[in-house]
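Listed here are the chains, written in short residue letters.
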Amino acid sequence: MRRSLFVGVTVLVGYHQAAGQCRVRTDSNEGKLLAFYTAPIVFSMATAPQEMRAGSIRIGGEGEYIPKPDRAIEQTGACFTQKSEHTSLSPVFGRPRVTIGGPFGFALEAAYLPPVTIARAKPNLFSFAVSHARHLAVGPALSGTTVMVRVHGTFGNVKGAITFHPDMFGGEIAAGFAPGAGRFSFYGGAGANRIDPHFQVGFTDANGSVDATEVQLEHPLTRASVFGGVTAVLRQILDVGLQVYSVPSDATLFRLNGGIRFR
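## Focus: the pairing of strand E7 (residues 162-165)
So, point 1. Of the two faces of E7, the one carrying Ile162 and Phe164 and the one carrying Thr163 and His165 are both buried.
So, point 2. Of the pairings in the sheet, the one linking strand E6 (residues 145-159) to E7 comprises two bridges and is antiparallel in character. By the bridge assignment, Val158 is partnered in E7 with Phe164.

## Some details on the layout of surface pockets
Any space left empty among the atoms is revealed by the rolling of a water-sized probe across them.
So, point 1. Volume-wise, the largest pocket comes out at about 700 Å³.
So, point 2. As for the largest pocket, its lining consists of 27 residues, of which Gln50, Glu51, Val233, Gln236 and Arg261 are closest to the centre.
So, point 3. When contributions to the lining of the largest pocket are tallied by element, the ones reaching two or more residues are strand E8 (168-177), strand E14 (221-234) and strand E16 (251-262).
So, point 4. Of the residues belonging to the lining of the largest pocket, the class tally is ten nonpolar, twelve polar and five charged.

## Some remarks on the pattern of salt bridges
A pair can form between side chains of opposite charge whenever their charged atoms are brought close.
So, point 1. Going through the model one piece at a time under the given rule, you end up with ten salt bridges.
So, point 2. Notably, a salt bridge pairs Arg95 with Glu62, separated by 2.9 Å at the nearest N-O pair. Placement of Arg95 in strand E3 (residues 92-101) and of Glu62 in strand E2 (residues 57-65) is noted, with a sequence separation of 33 residues between them.
So, point 3. The exposure class of Glu62 is buried, given its relative accessible area of 11%.
So, point 4. We note a salt bridge from Glu109 to Arg150, for which the minimum N-O separation is 2.8 Å. Taken as a pair, Glu109 in strand E4 (residues 106-113) and Arg150 in strand E6 lie far apart in primary sequence, 41 residues in all. Each member of the pair Glu109 and Arg150 is classed as buried.

## Section: the side chain of Thr38
So, point 1. In this fold, Thr38 is placed in helix H2 (residues 29-38).
So, point 2. A polar side-chain atom of Thr38 sits 2.7 Å from the main-chain carbonyl oxygen of Leu34.
So, point 3. Sequence-distant contacts of Thr38, that is, excluding residues within four places in its chain, are made with Phe164, Pro166, Met168, Ile195 and Pro197.

## Observations regarding empty space enclosed by the protein
So, point 1. With the rule as written, the count across this model stands at three cavities of 30 Å³ or more.
So, point 2. Looking at the lining of the largest cavity element by element, the count peaks at three residues for E4.
So, point 3. Of the residues contributing to the lining of the largest cavity, the split by class is nine nonpolar, five polar and four charged.

## What about the confidence of the model for the protein?
So, point 1. In the predicted model, the protein carries a mean pLDDT of 84, and 82% of its residues have values of at least 70.
So, point 2. Segment residues 9-19 is flagged for pLDDT under 50; beyond a separation of four residues in sequence, or across chains, it makes 43 contacts in the model.
So, point 3. Note on residues 84-89: pLDDT is under 50 here. Beyond four places in sequence and across chains, it has 16 contacts.

## A word on the pairing of E3
So, point 1. What you see with E3 is a clean split: Phe93, Arg95, Arg97, Thr99 and Gly101 sit on the buried side and Val92, Gly94, Pro96, Val98 and Ile100 on the side with no burial.
So, point 2. In terms of strand pairing, E2 meets E3 through nine bridges, oriented antiparallel. Directly across from Tyr65, in E3, lies its bridge partner Val92.
So, point 3. Here four bridges tie E3 to E4, and the two strands are oriented antiparallel to one another. What sits directly across from Ile100, in E4, is Leu108.
So, point 4. The loop that links E3 with its antiparallel partner E4 comprises four residues; one of these, Phe104, has a positive phi angle of about 60 degrees.

How each quantity is defined
- Residues numbered from 1 in each chain as written.
- Predicted model: local features only at pLDDT ≥ 70, side-chain atom pairs only at ≥ 80, totals over all residues.
- Heavy atoms only, no water.
- Buried < 20%, exposed > 50% of the residue type's maximum accessible area, 1.4 Å probe, protein only.
- Helix = DSSP H or I, 4+ residues; strand = E, 2+ residues; numbered from the N terminus.
- Pairing = 2+ DSSP bridges.
- 1 Å grid on protein atoms, 1.4 Å probe; cavity = no way out; pocket = protein on both sides within 12 Å on 5 of 7 lines; lining within 4 Å.
- Points joined across faces, edges and corners; volume = space filled by probe spheres on them.
- Nonpolar A, V, L, I, M, F, W, Y, C, P; charged D, E, K, R; others polar.
- Salt bridge = Lys/Arg side-chain N within 4 Å of Asp/Glu carboxyl O.
- Polar contact = N/O pair within 3.5 Å; in protein donor to acceptor, adjacent residues only side chain to side chain.
- Contact = heavy atoms within 4.5 Å.
- pLDDT = per-residue confidence, 0-100.

Written out as structure tokens, the structure reads:
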């Protein structure tokens, strides 16, 4: 986990303030920044929809570039002294994941980033998903179309200059097809995420007093998402893919995925 996931939120931390809780509106700059830095952590699907055999396993990983937020929303002041900063640290995020096929088209996915300090940031993030895929003999390709319904969640924190909690859960539906020989599968879909991010300040002043102010949204926020991508399967064992994932209100991301399949 890199510092980029919380560095943008640190611009909300101005000068020392009495400990307490500060709730911000979803349309405030603080609220927009919280939503912006939650989007890259969404546990979206890694490959084109597929029906996995019961007991089959896929072990993979993903990585993505995180764009910089609009300079306009970096001007903050709802909870702390008004200030604006330019964020320019490592713009990447990645995580491993494992998928296990179940009966009747169901599958279980999980990912965990352990508390290992990297670039002064210590993540402790857990993500999970449950999906159901069904292959239909209809669609633009002779091989038909695979439809997947999926629910997912991410919980935990990233500790550094602040402690950021990107708590969220959501759902999505996608359809994919494999034209020609079926080596490449194309897919697209849409979903919604209910996010409730917050962070806690750990600023210590010259007197040794710690600011424990917690900044969070007034209410959990629901964000719509759209996505699409392509997955290439090599010798039925290896897969690589590219996905475009967009939360139109917050950020558009490009994700690289890869994995190895067993059984």
